[in-house]
Amino acid sequence: RLNGKIQPDERLIQTLPAHIPGRIDRLLVNFTGEYISKGQTIAYIYSPELVTAQQELFEALKFKDINPGIVDAARDKLHQWMLTNAQIAQIERSGKVKEEFEVQSMLSGTVINRRVNVGDHVGTGQSMFELVDLSNVWAMFDAYESDLSWIKKGAGVNFTVESMPGKNFSGTISFIDPIINPQTRVARVRVEVKNGSGMLKPEMFATGTIKTQLGGSKVLVVPKSSVLWTGTRSVVYVKEADSTKHVFTLRDIT
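What counts and what doesn't
- Residues numbered from 1 in each chain as written.
- Predicted model: local features only at pLDDT ≥ 70, side-chain atom pairs only at ≥ 80, totals over all residues.
- Heavy atoms only, no water.
- Phe/Tyr/Trp six-rings, centres within 6.5 Å; stacked < 30°, edge-to-face > 60°.
- Helix = DSSP H or I, 4+ residues; strand = E, 2+ residues; numbered from the N terminus.
- Buried < 20%, exposed > 50% of the residue type's maximum accessible area, 1.4 Å probe, protein only.
- Lys NZ or Arg CZ within 6 Å of the ring centre and 35° of its normal.
- Core = buried A, V, L, I, M, F, W, Y, C linked by side-chain atoms within 4.5 Å.
- Contact = heavy atoms within 4.5 Å.

This part is about the packing of aromatic side chains. What the rule picks out here adds up to 2 aromatic pairs. Measuring from centroid to centroid gives 6.0 Å for Phe 141 and Phe 159, while their planes differ by 70 degrees, and the two rings are edge-to-face. Of this pair, Phe 141 sits in strand 10 (residues 136-144) while Phe 159 sits in strand 11 (residues 156-161), and the two are 18 residues apart along the sequence. The burial state of Phe 141 is the same as that of Phe 159; both residues are buried. The ring of Tyr 44 carries the charged tip of Arg 26 above its face, separated from the ring centre by 3.9 Å. The positively charged end of Lys 167 is found above the aromatic ring belonging to Phe 169, 6.0 Å away from the centroid.

A few words now on the nonpolar core. Ile 42, Leu 83 and Phe 129 are the most contacted members of the largest nonpolar core, which totals 32 residues. Counting only elements with at least two residues in this core, the list comes to strand 3 (22-27), strand 5 (41-46), helix 1 (48-61), helix 2 (68-79), helix 3 (85-94), strand 6 (100-104) and strand 9 (127-132). Counting residues per element, this core draws most heavily on helix 1, at 6 residues. Excluding its chain neighbours within four sequence positions, the residues that come into contact with Phe 129 are Gln 14, Thr 15, Leu 16, Leu 27, Val 29, Ile 42, Val 111, Asn 113, Arg 114 and Val 116. Core analysis: the second largest hydrophobic core is formed by 21 residues, Phe 141, Val 157, Met 164 and Ile 173 among them.

The next thing to look at is unusual backbone geometry. Not every positive phi belongs to a glycine, and Arg 185 is a case in point at roughly 60 degrees. The topology assignment puts Arg 185 in the loop between strand 12 (169-176) and strand 13 (186-194). Even without being a glycine, Glu 203 presents a positive backbone phi close to 80 degrees. Among the secondary structure elements, Glu 203 is positioned in the loop between strand 13 and strand 14 (205-210).

Next up, the structure:
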């Protein structure tokens, strides 16, 4: 029996960077825990660099019949800031410099860290949000040194969480920490679990059970409470199965 917590799958944590340098005028995602879809507008940014790039595009369009390569270069400059073809076409049709640009998310996930506020200046590549995909999660259990001999990679684990009593979940052990924590004297055991329904949430307490097969035919296990520790030897009392009376025999064990 192991105790642990539900944690996000670290491989599914991603950073959502700013592709447009400038000042954040409006922020449409304002709190952690909010879900962001790919393509969703998350902020509006004023960018002097993009204002200059648009002016260069309009100047290039005046000479598109003479030198179309200049127009392509001006469009490529806007593409570098992740503007879509539709956005660039709209700018060209309007003929006006657009000062405020919408920032669209390139990823989907749940916000676990918000790093910007309205009025902040951001640079290209600066982290705005940290997202995680919770469709797969980890159940991280603590295993004491004495339990590690029973725990193997690939073994099945059944577990429950406190918030949903009676609901059973299962997974397989994908990783056993090779280092013992010097303070707690435990190793972390990772169980990967599919969470398409979103029922499992990070930081939920979990209680897991591992059923393992004993090796060899002569291995015997008894409850720890049955052993009498005398200091010089260890003994147990075994009930005689073929006796008609309640007869117990004293036996030394190691």
